[in-house]
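Tertiary structure, described
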Amino acid sequence: MKKYLFFRVLRSIVSIFLVTTIAYIMVFSMVPRRDIFKQDPMIQKLANDPDSLTDYKENAYRKMNYIDYFDTKSLIAKVEAEHPDAKVTTAHTAANAKLFKEWANDNGYKLNRYSVSKNYYVTRELPLLERLGRFYGNLIQIDTPWAIHDKSNPKLARYLRIENDKTVGWAVVGSGTRYRYQIYFNGSFPFIHQNIIKFNLGTSYPTFAGNAVTDVIGGRQGQTVSTKYKFPNGQVMNTADNVYTRQYQSPSRRNQMSYERYEDDYTNVDQVNQDPSMIGTSVRAGFWALILSYVIGIPIALGMARLKGKWFDRLFTGVVTVLMAVPGLALIYTFRYVLSVAGAPDSFPTKGASAFSSWVGPTVVLALLSVSGIVIWFRRYMVDQQQSDYVKFAKSKGLTDREIYRKHIFKNASIPVVQGIPSNIIGLISGAMMTETVFAMPGMGKMLPDSIIAHNNSVVIALVFIFTTIGVFSVLLGDVLMSIVDPRIQLAVSGDEQNG
Amino acid sequence: MSEEEQKTILKVRDLSVEFQVRGKTLKAIHHVSLDLHDGETLAIVGESGSGKSVLTKTFTGMLEQNGHVSGGTIEYNGQMLTDLKNDKQWVKIRGKEIATVFQDPMTSLDPIHTIGSQISEVIVKHQGKSKSEAKKMAIELMGRTGIPDAAERYGDYPFEYSGGMRQRIVIAIALACHPKILICDEPTTALDVTTQAQILDLIRDLKEEYHFSIIFITHDLGVVASIADRIAVMYSGRLIEVGTVDEIFYDPRHPYTWSLLSSLPQLATKDTNLYSIPGTPPSLYSEIKGDAFAPRDPYALKVDFEREPPLFKITDTHYARTWLLDPRAPKIEKPEIIQNLHERIEKQMESDFMKRAETEGEVNAS
Ligand SMILES: Nc1ncnc2c1ncn2[C@@H]1O[C@H](COP(=O)(O)OP(=O)(O)OP(=O)(O)O)[C@@H](O)[C@H]1O
Ligand SMILES: [Mg+2]
């Protein structure tokens, strides 16, 4: 069983890897790269300054992992590093040009000149494989006391120790690490938190330009919220800073006020925002939608199965058939209309994430989208169960209908419920794309089409990665749950006779 | 036959059953009258669709939703079963008084409950025992039905049992509450020959021990000879002949019984093909004029197509529904192939016996 699970997890990871890689290759090789500027207002602004425009564009490509790019200043620094004796300048001399050319040739770069200033810069196309390598190579970042190498701070102490910190209480505190607090506790779920292992899914561009993709998707949104803290220097004040996220800030860019407050170089903090992150928003809506769809679907299916052929069954067969036949988007608009008549806001931002009523529309609509599938599948199963030989035999041995339902049919019915969970979760993902877009709900489902339109490749790939992970692991979860409810299924390595 | 055996435990009188199928009425049982005596084994034979299962389902109120008893009565030990209205009333009969063993042991048990819990469930329900008492009784019963290491296998799931073992469990469940009647609806059809013989032996042994009556449904006449006291032959929802095993085997009167006997596999020799009855049974949707078997009957008389024959009495125990028994009918001999059935069957039984002795040897050895 353990061995089986190990191999299943391994296989799941491989499939996530494959899907993500394919998405990566498709996005980066098939989407024309200049499209990323289609909706970028900076292009207009820089139209009169071709050199800056070039710099802006090449920088954008660099951030998106298309190319490596060094502007004139960086190029000079590179060349000087290789020829410590030579004096390199921006001047358009033959000597400078020769050095640049040599360096470019040696390192596989292409030498270009800005159109107005005629200064030199270099670019290098990143081959797809190298890009992929960088993506996966940087995917998981592990913080250690040797993570920070800062020339301007050679005496940075390097340690990990358990401390009763003045601000956050007991914590594993690091120095030389990226994050100050490696492991810490607070009142929010799951109460123990870590900053050691972080995912890095690249940099978002052109929307949320320059932010880490993980922050875009996983960081909280909305207005900032202040909390009262006692800082290491004894000062007590309200701040929106999320002190748990203190990251290293080089003394060369030190903010004196923060430095005095924290009394060390870990002054780079995230803000605390009031609304859940994109992933949090989607997961929250998705989770309740899943529960709701079962809460609605199963009693209906049960009723239909028990009253098979009666008006109740026929009525809902009709309803479900209509629900299945009508395109999802039309349903969403219809349900939204009905709900708004009933008083729920028809747009999420109207009242915001803090208002319960904002969640009603998207969650209920999302749930209703999967109800028809659940009803059909569960009714069919219950009808089969009712007509099954073991139910007949149970009846013939003198059990009442109620006893048969309670002791036999319900327990057997947990099998399809569990079996359907993975496909329902996967259905929720595609449902969320439409629902969140229609309700303007700031979740991952809305972000996917948004970032495709904006050519935010990094975010697209990150979302594909997240959705695939959710899908693959929900299948795994379904199988594990199946083996719990159904004794006939055993998770074993020799999976030939099992459907694992 | 002793006095006691003649006591009638189940009296079926003029029973008819109809099903509603898409607005049409299908008459599955036609005016059947039948007695079951205390302690006897009555076999019901007939080809597929002749109404054997439907008939016995009425004894436990287990007809499907679209079916109902449209006429006649069933009396069990003085109680009118045909007066029972709902499941609540039937629960007192099912399992406790009349139990049923179905054909397919593979699907008769709940796949996700343990074997043991499915046995003790009935004991708790009908005998009001505590769970631990019921468990003890269940294990005893499992051992009694031939499950080795019963105590250890109590917690197993059905999929861990072979077909034969599952049928033993099904029988154990059926007998858990000491019913007076055990209906076996083709209990061995789904099993291989060896297991089949073992299950038949088991039923026979248990009957000795627990003293119940058996209604044994089968279309295998070979099985009948080894287990039954009396045989009822059904055709197209009608009871067409009933008698003791000897009477049916050696003095059959209805042409349908003749053809059934002619198609006994034991009668096929190396150079003759197995006899099969030509034609198909009539549709149950329409009224049949005359004898239902007439269209397939090579001996059919003119009157067979016009009027349904009454049940003629041959002996006190032997009745048949055919115009051939009318004094005015021409004298027709039964087909040659079943003329000296006695000797043939005897021979067959002998070799059967040898076979069983062999297999039992194997079982003991293993
Ligand atoms: N629920 C039902 N609805 C409609 N027709 C039914 C129903 N149950 C049985 N019948 C019909 O009643 C007739 C008798 O069926 P029954 O099951 O009693 O046959 P059988 O003699 O047991 O056959 P087999 O040997 O195949 O089990 C068949 O024609 C069958 O189609
Ligand atoms: Mg049958």
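About the thresholds
Residues numbered from 1 in each chain as written. Chains lettered and ligands numbered in written order. Predicted model: local features only at pLDDT ≥ 70, side-chain atom pairs only at ≥ 80, totals over all residues. Heavy atoms only, no water. UniProt positions renumbered as here; feature names shortened; annotations may be inferred. Pairing = 2+ DSSP bridges. Helix = DSSP H or I, 4+ residues; strand = E, 2+ residues; numbered from the N terminus. Near = heavy atom within 4 Å. Polar contact = N/O pair within 3.5 Å; in protein donor to acceptor, adjacent residues only side chain to side chain. Areas by Shrake-Rupley, 256 points an atom, 1.4 Å probe, with all protein chains shown as cover. Nonpolar A, V, L, I, M, F, W, Y, C, P; charged D, E, K, R; others polar. Expected span 1.5 Å × (residues − 1). Buried < 20%, exposed > 50% of the residue type's maximum accessible area, 1.4 Å probe, protein only. Contact = heavy atoms within 4.5 Å. Lys, Arg positive; Asp, Glu negative; His and termini not counted. Salt bridge = Lys/Arg side-chain N within 4 Å of Asp/Glu carboxyl O. 1 Å grid on protein atoms, 1.4 Å probe; cavity = no way out; pocket = protein on both sides within 12 Å on 5 of 7 lines; lining within 4 Å. Points joined across faces, edges and corners; volume = space filled by probe spheres on them. pLDDT = per-residue confidence, 0-100. Buried area = accessible area lost by both parts, 1.4 Å probe.

In the nomenclature of an unreviewed UniProt entry, chain B is known as Abc-type dipeptide oligopeptide nickel transport system, atpase component of Schleiferilactobacillus perolens DSM 12744. Entered under Sequence similarities (unreviewed entry) in the UniProt record, the comment concerning chain B runs "Belongs to the ABC transporter superfamily." Among the UniProt annotations of chain B, the heading Subcellular location (unreviewed entry) holds the following wording: "Cell membrane".

An unreviewed UniProt entry lists chain A under the name Oligopeptide transport system permease protein AmiC, from Schleiferilactobacillus perolens DSM 12744. Note on chain A: under the UniProt heading Sequence similarities (unreviewed entry), the record states "Belongs to the binding-protein-dependent transport system permease family." The record held by UniProt for chain A lists under Subcellular location (unreviewed entry) the comment "Cell membrane".

So, about the sheet that holds strand S2 (residues 24-37) of chain B. In spatial order, the strands read S2-S1-S4-S5 (chain B); together these four strands make up an open sheet with antiparallel pairing. What marks the edges here is a single partner per strand, and that holds for S2 and strand S5 (79-80) of chain B.

Once that is clear, we can look at the site of ligand 1. Residue and element names in this part refer to chain B. Around ligand 1, the surrounding shell holds 17 residues, and the nearest of these are Ser48, Gly49, Lys52, Ser53 and Val54. Between ligand 1 and the protein, one listed contact pairs an oxygen atom with a side-chain N or O atom of Lys52 at 2.9 Å. The contact in question runs from a nitrogen atom of ligand 1 to an N or O atom on the side chain of Glu64, over 3.4 Å. Relative to its free-state accessible area of 640 Å², ligand 1 is covered by the protein chains to the extent of 73%. Listed by contribution, the elements that provide at least two residues to the shell around ligand 1 are strand S1 (8-21), S2 and helix H1 (52-57). When residues in the shell around ligand 1 are grouped by element, the largest group, three residues, is from H1. Residue classes in the shell around ligand 1 are distributed as six nonpolar, seven polar and four charged.

Mapped onto this numbering, the UniProt entry gives "domain: ABC transporter" (unreviewed entry) at residues 10-261 of chain B. Secondary structure across residues 10-261 of chain B divides into 37% helix and 28% strand, with the first and last C-alpha atoms of the span separated by 27 Å.

Taking 1.5 Å as the rise per residue, helix H3 (residues 115-127) of chain B with 13 residues should run 18 Å; its terminal C-alpha atoms sit 19 Å apart, in good agreement. Those residues of H3 of chain B that fall on the buried side of the exposure criterion are Ile115, Gly116, Gln118, Ile119, Ser120, Glu121, Val122, Ile123 and His126 of chain B. In this structure, the buried residues of H3 of chain B make contact with helix H15 (401-439) of chain A together with helix H4 (131-144), helix H5 (150-153) and helix H6 (163-175) of chain B. Two residues or fewer after H3 of chain B comes Gly128 of chain B, characterised by a positive phi angle close to 60 degrees.

Moving on, we get to the side chain of Asp275 of chain A. Residue and element names in this part refer to chain A. You can see Asp275 is positioned in strand S15 (residues 273-275). Buried Asp275, no salt bridge; nearest opposite-charge side chain is Arg220, N-O distance 6.3 Å. Ignoring any residue separated from it by four or fewer positions in sequence, one finds Asp275 in contact with Arg220, Gln221, Gly222, Ala353 and Ser354.

This part covers the UniProt feature "domain: ABC transmembrane type-1" (unreviewed entry) in chain A. Per the UniProt record, the feature "domain: ABC transmembrane type-1" (unreviewed entry) sits at residues 279-478 of chain A. Structurally, residues 279-478 of chain A comprises 86% helix and 0% strand, and the distance from its first C-alpha atom to its last is 21 Å.

To continue, consider empty space enclosed by the protein. Going through the model one piece at a time under the given rule, you end up with three cavities of 30 Å³ or more. Each pocket or cavity is described by its volume, and for the largest cavity that value is around 90 Å³. The wall of the largest cavity is formed by Lys392 and Ser396 of chain A together with Ser53, Thr56, Lys57, Thr60, Met62, Thr100, Phe102, Ile183 and Asp185 of chain B. The element contributing the most residues to the lining of the largest cavity is H1 of chain B, with three residues. Split by residue class, the lining of the largest cavity holds three nonpolar, five polar and three charged.

Let us look at the confidence of the model for chain B. All names here are of chain B. In this model, chain B carries a mean pLDDT of 87, and residues with pLDDT of at least 70 account for 91%. Within chain B, no element has a lower average pLDDT than helix H11 (residues 341-365), which sits at 63, and none a higher one than strand S12 (residues 319-320), at 96. In this model, residues 1-5 is a region of pLDDT below 50 whose contacts with residues beyond four sequence positions or in other chains number five contacts.

Residue and element names in this part refer to chain A. Inspection of the entire model under this criterion finds 33 salt bridges over all chains. With a closest N to O distance of 3.9 Å, Glu80 and Lys87 form a salt bridge. In this structure, the salt-bridge partner of Glu163 is Arg161, at a minimum N-O distance of 2.8 Å. With relative accessibility at 42%, the residue Arg161 sits in the partly exposed group. A single network of salt bridges, built from pairs that share partners, joins Asp68, Arg124, Glu130 and Arg134.

With that settled, consider the environment of Leu175 of chain B. All names here are of chain B. Locating Leu175 in the fold gives a position in helix H6. When the C-alpha atoms of Leu175 and Met106 are compared, they prove to be 18 Å apart, with 69 residues separating the residues in sequence. When residues no more than four places from it in sequence are discounted, the contact partners of Leu175 are Leu182, Leu206 and Phe212.

This brings us to the interface of chain A and chain B. Opposite the 22 residues of chain A that make contact, chain B presents 27 residues. The junction of chain A with chain B conceals about 2,300 Å² of combined surface from both sides, 61% of it contributed by carbon and sulfur atoms. Joining chain A to chain B, the criterion identifies two salt bridges. Counting the contacts that link chain A with chain B gives 11 residue pairs in polar contact (both at pLDDT 80 or more). Secondary-structure elements contributing two or more residues to the side of chain A that touches chain B are helix H14 (389-396) and H15 of chain A. Residue contributions to the side of chain A that touches chain B peak at seven residues, all from H15 of chain A. Classifying every residue of the side of chain A that touches chain B by side-chain character gives six nonpolar, five polar and 11 charged.

Backbone torsion omega between Phe189 of chain A and Pro190 of chain A reads -5 degrees, so that peptide bond is classified as cis. Residue position: Pro190 of chain A is located in the loop between strand S7 (181-185) and strand S8 (192-194). Cis rather than trans, the peptide bond between Tyr205 of chain A and Pro206 of chain A has omega equal to 0 degrees. Position of Pro206 of chain A among the secondary structure elements: in the loop between strand S9 (197-199) and helix H7 (213-218). Notably, Asn77 of chain B is not glycine yet its phi reads approximately 45 degrees, a positive angle. Along the chain, the position of Asn77 of chain B falls in the loop between strand S4 (67-76) and S5. Even without being glycine, Asp149 of chain B reaches a positive phi, approximately 50 degrees.

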